[in-house]
Amino acid sequence: MKPGRLLGSGRSADVYEIDGTWVLRRYRHPHGDAAAEALVMGHLRDRGYPVPGVRAATRGDLVMERLYGPTMLDALVAGRLGPEEAGAILARLLRELHALPARRSAAPAVRILHLDLHPLNVIMTADGHRVIDWANVEEGAPGLDWGMSAVILAQAAVVGEPHVDGVRELLGAMPAGQAGASALTEKGLAQARSRRAANPTMSDREVEALGEAEALVRALLRR
């Protein structure tokens with residue numbers, strides 16, 4: 001498919017305009033599997049979880065619904081959304097995701113994990129919040145998903161991202177939104193740090209910040 005205007009770029013993929021209804025998300029590297037993402041997104045959408053609709057997918061390309069609205073990060077920077085409210089929304093989205101059955105596993109403790117849920121991957125549309133970028137999706141224990149979101153937010157706080165005002169407050173609001181099996185756990189946190197350390201797209205500074213980021217999350221766990 002011939003893409004149109006470039007709308008945005010992430011660490012591993014670019015998003016192009018097709019028309020007013022659809023966009024093309026194209027991987028820049030061969031390790032992605034957009035077709036697998038599409039299957040999970042369809043499974044979740046059928047069960048009422050707020051993901052974009054998918055029209056077509058191959059291993060490298062995903063044609064999906066075009067969403068209109070700011071990312072949660074844009075809303076935070078603009079002052080349209082407070083850190084505590086953003087933290088509560090992220091917690092709710094994690095709880096709702098983990099309340100749904102896995103697509104493949106029948107084990108009761110196994111759920112679908114986003115593994116990259118943070119303010120850039122939540123679009124605030126007129127119809128509600130939508131979760132995007134399912135490139136890292138897996139099935140497993142919900143504690144790992146909580147751990148990944150917490151470590152990502154803590155890294156931003158430690159590194160001092162200039163565009164993320166109030167990230168510590170946002171991170172602090174997440175534990176209050178936990179419930180049951182969807183809680184942040186010691187095991188999930190340790191696994192999340194290990195995975196982030198092995199992520200080849202992170203900068204040296206981000207990797208160096210992992211120890212301090214984990215300490216920040218653990219301080220919140222002790223509250």
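Residues numbered from 1 in each chain as written. Predicted model: local features only at pLDDT ≥ 70, side-chain atom pairs only at ≥ 80, totals over all residues. Heavy atoms only, no water.

Engineer: I'd like a rundown of the confidence of the model for the protein chain, residues and numbers included.
Structural biologist: For the protein chain, per-residue confidence averages 89 on the pLDDT scale, and residues scoring 70 or more make up 93% of the total. Taking the mean pLDDT of every element in the protein chain, the minimum, 83, falls on helix α5 (residues 167-173) and the maximum, 98, on strand β6 (residues 111-113). (pLDDT = per-residue confidence, 0-100. Helix = DSSP H or I, 4+ residues; strand = E, 2+ residues; numbered from the N terminus.)

Engineer: Break down the pattern of salt bridges for me, citing the residues and quoting the values.
Structural biologist: Under the definition given, this model contains 15 salt bridges. Measuring nitrogen to oxygen at the nearest pair gives 3.3 Å for the salt bridge that ties Arg59 to Asp33. With a gap of 26 residues between them, Arg59 in the loop between β4 (54-57) and β5 (61-65) and Asp33 in the loop between β3 (22-27) and α1 (34-46) connect regions that are remote in the sequence. Classification of Arg59 as partly exposed rests on a relative accessible area of 49%. Among the residues examined, Asp33 registers a relative accessible area of 27% and is labelled partly exposed. Salt-bridge contacts for Arg45 lead to Glu65; the nearest nitrogen and oxygen are separated by 3.7 Å. Placement of Arg45 in helix α1 and of Glu65 in strand β5 is noted, with a sequence separation of 20 residues between them. One continuous salt-bridge network, built from bridges that share partners, spans Glu186, Arg193, Glu214 and Arg218. (Salt bridge = Lys/Arg side-chain N within 4 Å of Asp/Glu carboxyl O. Buried < 20%, exposed > 50% of the residue type's maximum accessible area, 1.4 Å probe, protein only.)

Engineer: Could you give me a rundown of the nonpolar core, with the residues and numbers involved?
Structural biologist: One finds Leu44, Tyr49, Met72, Leu81, Leu90, Trp134 and Leu171 to be the most contacted residues of the largest nonpolar core, which totals 57 residues. The element that contributes the greatest number of residues to this core is helix α4 (residues 142-159), accounting for 10 residues. If we ignore the near neighbours within four places in the chain, the residues touching Trp134 are Glu37, Met41, Leu44, Tyr49, Val51, Leu97, Ile112 and His114. (Core = buried A, V, L, I, M, F, W, Y, C linked by side-chain atoms within 4.5 Å. Contact = heavy atoms within 4.5 Å.)

Engineer: Can you explain helix α3 (residues 83-98)? Please cite residues and give values.
Structural biologist: Between its terminal C-alpha atoms α3 stretches 23 Å, which fits the 22 Å expected from 16 residues at 1.5 Å a residue. Those residues of α3 that sit buried are Ala86, Gly87, Ile89, Leu90, Ala91, Leu93, Leu94, Leu97 and His98. (Expected span 1.5 Å × (residues − 1).)

Engineer: Go over the sheet that holds strand β2 (residues 13-17), please, and point to the residues and values.
Structural biologist: Overall, antiparallel pairing links the 5 strands, which are arranged β1-β2-β3-β5-β4 in an open sheet. The open sheet has two edge strands with one neighbour each: β1 (6-9) and β4. Within the sheet, the average angular offset between the axes of one strand and its neighbour, ignoring direction, is 20 degrees. Relative to the sheet, α1 contacts β3, β4 and β5, its axis offset from that of β5 by approximately 25 degrees. (Pairing = 2+ DSSP bridges. Axes fitted to C-alpha atoms, helices over the stretch in contact; angles between N-to-C directions.)

Engineer: Account for the side chain of His118, with residues named and values stated.
Structural biologist: As for its placement among the helices and strands, His118 is situated in the loop between β6 and β7 (122-125). In this structure the side chain of His118 is engaged in a polar contact, spanning 3.3 Å, whose partner is the side chain of Asp116. If near-sequence neighbours (up to four positions away) are discounted, His118 is found in contact with Leu90 and Ile152. (Polar contact = N/O pair within 3.5 Å; in protein donor to acceptor, adjacent residues only side chain to side chain.)

Engineer: Which residues make up α1, and what values go with them?
Structural biologist: Taking 1.5 Å as the rise per residue, α1 with 13 residues should run 18 Å; its terminal C-alpha atoms sit 18 Å apart, in good agreement. Listing the buried residues of α1 in full gives Ala34, Glu37, Ala38, Val40, Met41, His43 and Leu44. Here the buried face of α1 lies against β3, β4, β5, α3 and β6. Among the residues of α1, the N-terminal cap falls to Asp33, whose side-chain oxygen and the backbone nitrogen of Ala35 are separated by 3.3 Å. After α1 finishes, the residue Gly48 shows a positive phi value of roughly 90 degrees.

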